[in-house]
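Below are the chains, spelled out letter by letter.
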Amino acid sequence: MTGLGIASVPQLPILGGGLLLAGGFAGLAAGMMGVGGGIVIVPVLYHLFTVLGVDEAVRMHVAVGTSLATIIATSLTSLRAHRRRGAVDGDLLRAWGPAIFLGVLAGTAVAGVVRGPVLTAVFAGMAVLVTLHMLFGKPEWRIADGLPSGAPRQGLAGGIGMMSAMMGIGGGTLSVPILTLFGYPIHRAVGTAAALGFIIGVPGTVGFVLTGWNVPGRPDFSLGYVNLLGLALILPASMAMAPLGARLAHSLDTRVLRRVFALFLGLTAVRMIHGLLP
């Protein structure tokens, strides 16, 4: 299955249904818990492509590239909402933006040359850390009362950009806990992360399109490492379910929700790691 060819008839219902499920679940999780949709989309796509028999050498690349493409639209929608509430820190964006951008370029370049299992290991390892933070992290935890200055500050931003590009996430999953650990207000951290998602999504998507150009073994309807069918189905489902997730967040215990999501993410990460073992 390469290029923009047409998938076999038996696969289309599985592929379409799985993509809608991925988008709906991502939007629901994002609305309920404020997590980036990529942390859901990537593992769901990875397992969906595994079921469909997509080559292991490219399945994680396509999952990550497709997730980054969805982030462009979802981050803009989220950014507009947070800007209306004054929750976007323009000073931090100007300070971090260039380093984030360079980190994304570096992460995309690395992802283009490493084998699929390496990307899977990177995602699974970071997902375990995110799981542990969601289960045991405390809002009052602090490393310092402000972000570092100079090279450490830029290195932190570059690292977020690089890891986000390699994982197919918008940055909020990493930047929000990091910012809060340095005493940053949670609402401004979440709002600013939406803008960081756009900075990550655009160059990351372009990079995955270019590095995956004409690579064999990709699923049908793929432009480079971005699956266009996935993009077309995930985005509407995600954006439709996000408001429902936000409403549920106000009526359900968010602590329980975070634990349930952490359990899902942790089990997914363990399953991905198990799949890498000989």
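Computed from a predicted structure; not experimentally measured.

**Observations regarding the overall build of the protein chain**
So, step 1. Check the secondary structure of the protein chain and you find ten helices and two strands.
So, step 2. When the elements of the protein chain are put in sequence order from the N terminus, they spell out α-α-α-α-α-α-α-α-β-β-α-α.
So, step 3. Radius of gyration (C-alpha) of the protein chain: 18 Å, near the 19 Å computed for a compact globule of 278 residues.
So, step 4. Taken over the C-alpha atoms alone, the protein chain extends approximately 55 × 45 × 40 Å along its principal axes.
So, step 5. Looking at the protein chain residue by residue over its 278 residues, the buried ones come to 48%.
So, step 6. Of the accessible surface of the protein chain, which amounts to about 12,400 Å², a share of 70% is contributed by carbon and sulfur atoms.
So, step 7. The distance from the centre of the 17 positive side-chain charges to the centre of the 8 negative ones in the protein chain is 6 Å.

**Focus: the confidence of the model for the protein chain**
So, step 1. Within the protein chain, residue pLDDT values average 83, and 91% of them lie at 70 or more.
So, step 2. The lowest-confidence element of the protein chain is helix H1 (residues 11–33), averaging 76 in pLDDT; the highest-confidence one is strand S2 (residues 226–227), averaging 94.

**Details of helix H2 (residues 38–51)**
Three- or four-residue spacings in an α-helix give side chains the same orientation, since the helix completes a turn every 3.6 residues.
So, step 1. In this model H2 runs 20 Å from its N-terminal to its C-terminal C-alpha over 14 residues, within 8% of the 20 Å that 1.5 Å per residue would give.
So, step 2. By the criterion of burial, H2 is predominantly enclosed, with eleven of the 14 residues buried.
So, step 3. Listed as buried for H2 are Gly38, Ile39, Val40, Ile41, Val42, Pro43, Val44, Leu45, Tyr46, Leu48 and Phe49.
So, step 4. Of the residues flanking the end of H2, it is Gly53, one or two places downstream, whose phi is positive at about 80°.

**Comments concerning the environment of Tyr225**
So, step 1. Note that Tyr225 resides in the loop between strand S1 (222–223) and S2.
So, step 2. Taking relative accessible area as the criterion, Tyr225 reaches 4% and is therefore assigned buried.
So, step 3. In this structure, the C-alpha to C-alpha distance between Tyr225 and Gly212, residues 13 residues apart in sequence, is 4.8 Å.
So, step 4. Leaving out residues up to four positions away in the same chain, Tyr225 has contacts with Val58, His61, Val62, Gly65, Thr66, Phe208, Val209, Thr211, Gly212, Val215 and Arg218.

**Structural notes on the pattern of salt bridges**
So, step 1. This model, assessed by the stated rule, comprises one salt bridge.
So, step 2. Linking Asp91 and Arg94 is a salt bridge whose minimum nitrogen-to-oxygen distance equals 2.6 Å. Of the two residues, Asp91 and Arg94 both sit in helix H4 (residues 90–113), three residues apart, roughly one turn of that helix.

**Some remarks on the packing of helix H6 (residues 150–167) against helix H7 (residues 172–181)**
So, step 1. The geometry of H6 relative to H7 is characterised by a closest axis approach of 9 Å and an angle of 155° between their N-to-C directions. Relative to H7, the element H6 is oriented roughly antiparallel. When the axes of H6 and H7 are compared, the crossing they make is right-handed. Packed against H6, whose contacting residues are Leu156, Ile160, Met163 and Ser164, the element H7 presents Leu174, Ser175 and Ile178 at the interface.

**Observations regarding a nonpolar patch on the surface**
So, step 1. Side chains of Leu76, Phe198, Val202, Val206 and Leu210 sit close together on the surface and give an oily, nonpolar patch of about 400 Å² of accessible area.
So, step 2. With four residues, the single largest contributor to the nonpolar patch is helix H8 (residues 186–211).

**Description of the packing of H4 against H8**
So, step 1. Between H4 and H8, the least distance of the axes is 9 Å, while the angle of their chain directions is 30°. In terms of axis orientation, H4 runs roughly parallel to H8. The way H4 lies across H8 gives a crossing that is right-handed. Packed against H4, whose contacting residues are Leu92, Leu93, Trp96, Gly97, Ile100, Phe101, Val104, Leu105, Thr108, Ala111 and Gly112, the element H8 presents Thr192, Ala195, Leu196, Ile199, Ile200, Pro203, Gly204, Gly207, Phe208 and Thr211 at the interface.

**Some details on the UniProt feature "transmembrane region" (unreviewed entry) in the protein chain**
So, step 1. UniProt records the feature "transmembrane region" (unreviewed entry) for residues 20–49, 61–81, 93–111, 118–136, 156–182, 189–213, 225–244 and 256–277 in the present numbering.
So, step 2. Helix makes up 81% of residues 156–182 and strand makes up 0%, while its end C-alpha atoms are separated by 12 Å.
So, step 3. Segment residues 225–244 splits into 85% helix and 10% strand. End C-alpha atoms: 30 Å apart.

**Describing unusual backbone geometry**
So, step 1. Notably, Asn214 is not glycine yet its phi reads approximately 65°, a positive angle.
So, step 2. On the secondary structure map, Asn214 appears in the loop between H8 and S1.
So, step 3. Owing to a relative accessible area of 62%, Asn214 belongs among the exposed residues under this scheme.
So, step 4. Backbone geometry at Phe221 places phi at a positive 65°, although glycine is not the residue there.
So, step 5. Tracing the backbone through its elements, the reader meets Phe221 in the loop between H8 and S1.
So, step 6. For Phe221, a relative accessible area of 22% translates into the label partly exposed.

Calculation rules
- Within each chain, residue numbers correspond to sequence positions counted from 1 in written order.
- Local features in this predicted model are restricted to residues whose pLDDT is 70 or higher, and side-chain atom pairs enter the listing and the counts only when it is 80 or higher, whereas totals over whole chains, interfaces and linings include all residues.
- No hydrogens and no water enter the side-chain calculation; it runs on all heavy atoms of the structure.
- Only DSSP runs of H or I with at least four residues qualify as helices, and only runs of E with at least two residues qualify as strands; both kinds are numbered from the N terminus onward.
- To get the radius of gyration, use the C-alpha atoms; to get the globule rule, take the number of residues to the power 0.38 and multiply by 2.2 Å.
- Between buried and exposed lies partly exposed: a residue is buried under 20% and exposed over 50% of the maximum accessible area for its type, with that area taken using a 1.4 Å probe on protein chains only.
- Method for areas: the Shrake-Rupley scheme with a 1.4 Å probe, in which residue coverage is limited to the protein chains shown.
- We score Asp and Glu as negative and Lys and Arg as positive, and we do not count His or the chain ends.
- Note that the charge is assigned to NZ on lysines, CZ on arginines, CG on aspartates and CD on glutamates.
- On a scale of 0 to 100, pLDDT captures the predictor's confidence in every residue.
- A helix is expected to span 1.5 Å for every residue after the first.
- It only takes one pair of heavy atoms within 4.5 Å for two residues to be counted as in contact.
- Throughout this description, the term salt bridge denotes a Lys or Arg side-chain nitrogen within 4 Å of a carboxyl oxygen of Asp or Glu.
- Each axis is a line fitted through C-alpha atoms, taken for helices only over the stretch in contact, and angles between the N-to-C directions span 0 to 180 degrees.
- To sort the angles, those under 35 degrees are grouped as roughly parallel, those over 145 as roughly antiparallel, those from 65 to 115 as roughly perpendicular, and the leftovers as oblique.
- Take the far helix as your reference; a near helix turned counterclockwise from it by less than a right angle gives a left-handed crossing, and one turned clockwise gives a right-handed crossing.
- Within this analysis, patches are made of residues with over 30% relative accessible area and no salt bridge. Like charges are joined at 9 Å or less; nonpolar side chains (Val, Leu, Ile, Met, Phe, Trp, Tyr) at 5 Å or less.
- UniProt positions are given in the numbering used here, feature names are shortened, and annotations may be inferred rather than shown by experiment.

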